[in-house]
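As a plain string of letters, each chain reads:
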Amino acid sequence: MEETLHDHAVVPRTDDEKDKVQKRLRRIEGQVRGLQKMVEEDRYCVDILIQISAIQSALKNVGYEVTERHMKHCVADAIEKGEGDDSIEELMAVLKQFSK
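So, a few notes on the structure that sits alongside this text. (Residues numbered from 1 in each chain as written. Predicted model: local features only at pLDDT ≥ 70, side-chain atom pairs only at ≥ 80, totals over all residues. Heavy atoms only, no water.)

Considering the layout of surface pockets
Over the atoms, a rolled probe matching the size of one water molecule traces out where space is still vacant. Counted as a void, the second largest pocket has a volume near 210 Å³. The wall of the second largest pocket is formed by Arg13, Glu17, Lys18, Lys20, Val21, Glu65, Val66, Glu68, Arg69, Lys72 and His73. At the level of elements, helix 1 (15-40) and helix 2 (45-80) are the ones that each hand at least two residues to the lining of the second largest pocket. Of all the elements, helix 2 adds the most residues to the lining of the second largest pocket, at six residues. (1 Å grid on protein atoms, 1.4 Å probe; cavity = no way out; pocket = protein on both sides within 12 Å on 5 of 7 lines; lining within 4 Å. Points joined across faces, edges and corners; volume = space filled by probe spheres on them. Helix = DSSP H or I, 4+ residues; strand = E, 2+ residues; numbered from the N terminus.)

So, the packing of aromatic side chains
Overall, the coordinates contain one aromatic pair when judged by the stated rule. With centroids separated by 5.6 Å and ring planes inclined at 75 degrees, the aromatic side chains of Tyr64 and Phe98 adopt a geometry described as edge-to-face. One end of the pair, Tyr64, is in helix 2; the other, Phe98, is in helix 3 (residues 84-98), and 34 residues separate them in sequence. The ring of Phe98 carries the charged tip of Lys60 above its face, separated from the ring centre by 5.5 Å. (Phe/Tyr/Trp six-rings, centres within 6.5 Å; stacked < 30°, edge-to-face > 60°. Lys NZ or Arg CZ within 6 Å of the ring centre and 35° of its normal.)

Brief notes about the pattern of salt bridges
With the rule as written, the count across this model stands at seven salt bridges. With its nearest N and O atoms 2.6 Å apart, the salt bridge here joins Glu65 to Arg24. Within this pair, whereas Glu65 is found in helix 2, its partner Arg24 is found in helix 1, the two being separated by 41 residues in sequence. A salt bridge links Glu41 to Lys37, with the nearest nitrogen and oxygen atoms 3.9 Å apart. (Salt bridge = Lys/Arg side-chain N within 4 Å of Asp/Glu carboxyl O.)

Here we look at the packing of helix 1 against helix 2
Put simply, helix 1 and helix 2 touch, their axes get as near as 10 Å, and they point 165 degrees apart. The angle between helix 1 and helix 2 places the two elements in the roughly antiparallel class. In the crossing of helix 1 with helix 2, the sense of the turn from one axis to the other is left-handed. Looking at the contact of helix 1 with helix 2 residue by residue, the classes come out as 14 nonpolar, four polar and six charged. (Axes fitted to C-alpha atoms, helices over the stretch in contact; angles between N-to-C directions. Parallel < 35°, antiparallel > 145°, perpendicular 65-115°, else oblique. Left-handed = near helix turned anticlockwise from the far one by under 90°. Nonpolar A, V, L, I, M, F, W, Y, C, P; charged D, E, K, R; others polar.)

These figures capture arrangement, not role.
Spelled out as structure tokens, the structure:
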């Protein structure tokens, strides 16, 4: 994994934040298991593609939520400490990768 500016979150996630993300990821995990079953059952290709699209959308939404939190806490904190440029550059590199 590439080097990052912070090994740990500047402001630790609350239990509610963790629970919300973990619940969404478990839901996505269930969708992926359903997709595997669809392939195993040789379901119609279009139905499989629709399910793939739904999973991708769900993952992107989790990513947007994590990104928003990162900007509100980690990037804002870095800016206050005078380290904003590095933090913004790091975030932009990740966003470019995320948007591929």
